[in-house]
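# Observations on the model geometry
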Amino acid sequence: AQKVTQAQTEISVVEKEDVTLDCVYETRDTTYYLFWYKQPPSGELVFLIRRNSFDEQNEISGRYSWNFQKSTSSFNFTITASQVVDSAVYFCALSEAGGAQKLVFGQGTRLTINP
Amino acid sequence: NAGVTQTPKFRILKIGQSMTLQCAQDMNHNYMYWYRQDPGMGLKLIYYSVGAGITDKGEVPNGYNVSRSTTEDFPLRLELAAPSQTSVYFCASRLGGSTDTQYFGPGTRLTVL
């Protein structure tokens, strides 16, 4: 069975600090997808990134970066120079590569950026 | 395109009542999904559909039913509501392919008292 663990329930930092959100996953599939979603206080789910299991290149998008390490089954998310608008709950998720690509979510990390 | 729409946004039910949560998408997506999000938790899959007329159970299907008579609509039926079904319900859709991803609706907040 697939499983996603986000061990950090809540993180609180001061604005402009860098922060890393951890994600560890379990799967028996050889190919799969990993995702990060943001859920701001308004409640909607905002897609941030999808990563294929065969692509271990790190990715950077502005202040966001993602570190995928297959050897440790981790897909960590770093926000550089955090801003108050980054305050949200962040979810890591995993899906099979084929078929319906049903998502399995972690429990989420609540990130609070204090001014 | 309106994307994925869900109605209602909020609803309060009494124990034992029934209701249907509506979900529609106008992107001609093949796949549709229903997830629930309990307070402080991640989302869990209730049911999904790979096309009109085809549905299947997810991780937590008990107490729910779905149908998919058209490509656009994927209603979720709650029979005999229970307090354990108090949750936020999200509908999602996906075209179907190796590079696409799921688009989520705004959610329906349901309270069962």
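In case you missed it, the structure is sitting above this.
Overview of the structure. Source: prediction; values computed, not measured.

## Description of the overall build of chain A
For chain A, the helix and strand inventory stands at zero helices and 12 strands. Walking chain A from its N terminus toward its C terminus, one meets helices and strands in the order β-β-β-β-β-β-β-β-β-β-β-β. Relative to the compact-globule value of 13 Å for 115 residues, chain A shows a C-alpha radius of gyration of 14 Å, a close match. Based on the C-alpha atoms only, the size of chain A along its principal axes is roughly 45 × 25 × 20 Å. Relative to its 115 residues, chain A shows a buried fraction of 45%. In chain A, of all internal contacts separated by at least 6 residues, the share reaching a separation of at least 24 is 55%. Element-wise, carbon and sulfur atoms account for 48% of the exposed surface of chain A, whose accessible area totals about 5,500 Å².

## What about the pattern of salt bridges?
Residues and elements named next belong to chain A. Enumeration over the complete set of coordinates arrives at six salt bridges over all chains. Between Lys102 and Glu96 there is a salt bridge, with the nearest N and O atoms lying 3.0 Å from each other. Overall, Lys102 belongs to the partly exposed group, its relative accessible area being 25%. Through salt bridges that share partners, Arg51, Asp55 and Glu59 make up one connected network.

## Here we look at the state of the cysteines
Residues and elements named next belong to chain A. Applying the stated criterion across every chain yields a total of two disulfides over all chains. Two residues share a disulfide in this structure: Cys23 and Cys92, whose sulfurs sit 2.0 Å from each other. Measuring the twist about the S-S bond at about -65°, one finds the Cys23-Cys92 disulfide to be left-handed. Here Cys92 lies in strand β10 (residues 88-96) and Cys23 lies in the loop between β3 (19-21) and β4 (24-26), a separation of 69 residues in the sequence. The burial state of Cys23 is the same as that of Cys92; both residues are buried.

## Structural notes on the interface of chain B and chain A
Listed per partner, the contact involves 20 residues of chain B and 17 residues of chain A. In total, chain B and chain A occlude about 1,400 Å² of area from one another, counting both sides; carbon and sulfur atoms represent 55% of this. Sorting the residues of chain B by area buried against chain A places Leu43, Thr101 and Phe104 of chain B first, and these three jointly supply 29% of that buried surface. Seen at the junction of chain B and chain A, the total is six residue pairs in polar contact (both at pLDDT 80 or more). Elements represented by at least two residues in the side of chain B that touches chain A include exactly β4 (31-37), β5 (43-51) and β9 (87-94) of chain B. Its residues placed into classes, the side of chain B that touches chain A shows 10 nonpolar, eight polar and two charged.

## Some thoughts on the sheet that holds strand β1 (residues 4-7) of chain B
Residues and elements named next belong to chain B. Overall, antiparallel pairing links the four strands, which are arranged β1-β3-β8-β7 in an open sheet. What marks the edges here is a single partner per strand, and that holds for β1 and β7 (64-66). The mean angle between the axes of side-by-side strands here comes to 20°, regardless of whether they run parallel or antiparallel. Pairing of β1 with strand β3 (residues 19-25), which is carried by four bridges, proceeds in the antiparallel orientation. Of the residues in β3, the one forming a bridge with Val4 is Gln25.

Each value, and the rule that gives it
Residues numbered from 1 in each chain as written. Chains lettered and ligands numbered in written order. Predicted model: local features only at pLDDT ≥ 70, side-chain atom pairs only at ≥ 80, totals over all residues. Heavy atoms only, no water. Helix = DSSP H or I, 4+ residues; strand = E, 2+ residues; numbered from the N terminus. Rg over C-alpha atoms; globule rule 2.2 N^0.38 Å. Buried < 20%, exposed > 50% of the residue type's maximum accessible area, 1.4 Å probe, protein only. Contact = heavy atoms within 4.5 Å. Areas by Shrake-Rupley, 256 points an atom, 1.4 Å probe, with all protein chains shown as cover. Salt bridge = Lys/Arg side-chain N within 4 Å of Asp/Glu carboxyl O. Disulfide = S-S within 2.5 Å. Buried area = accessible area lost by both parts, 1.4 Å probe. Polar contact = N/O pair within 3.5 Å; in protein donor to acceptor, adjacent residues only side chain to side chain. Nonpolar A, V, L, I, M, F, W, Y, C, P; charged D, E, K, R; others polar. Pairing = 2+ DSSP bridges. Axes fitted to C-alpha atoms, helices over the stretch in contact; angles between N-to-C directions.

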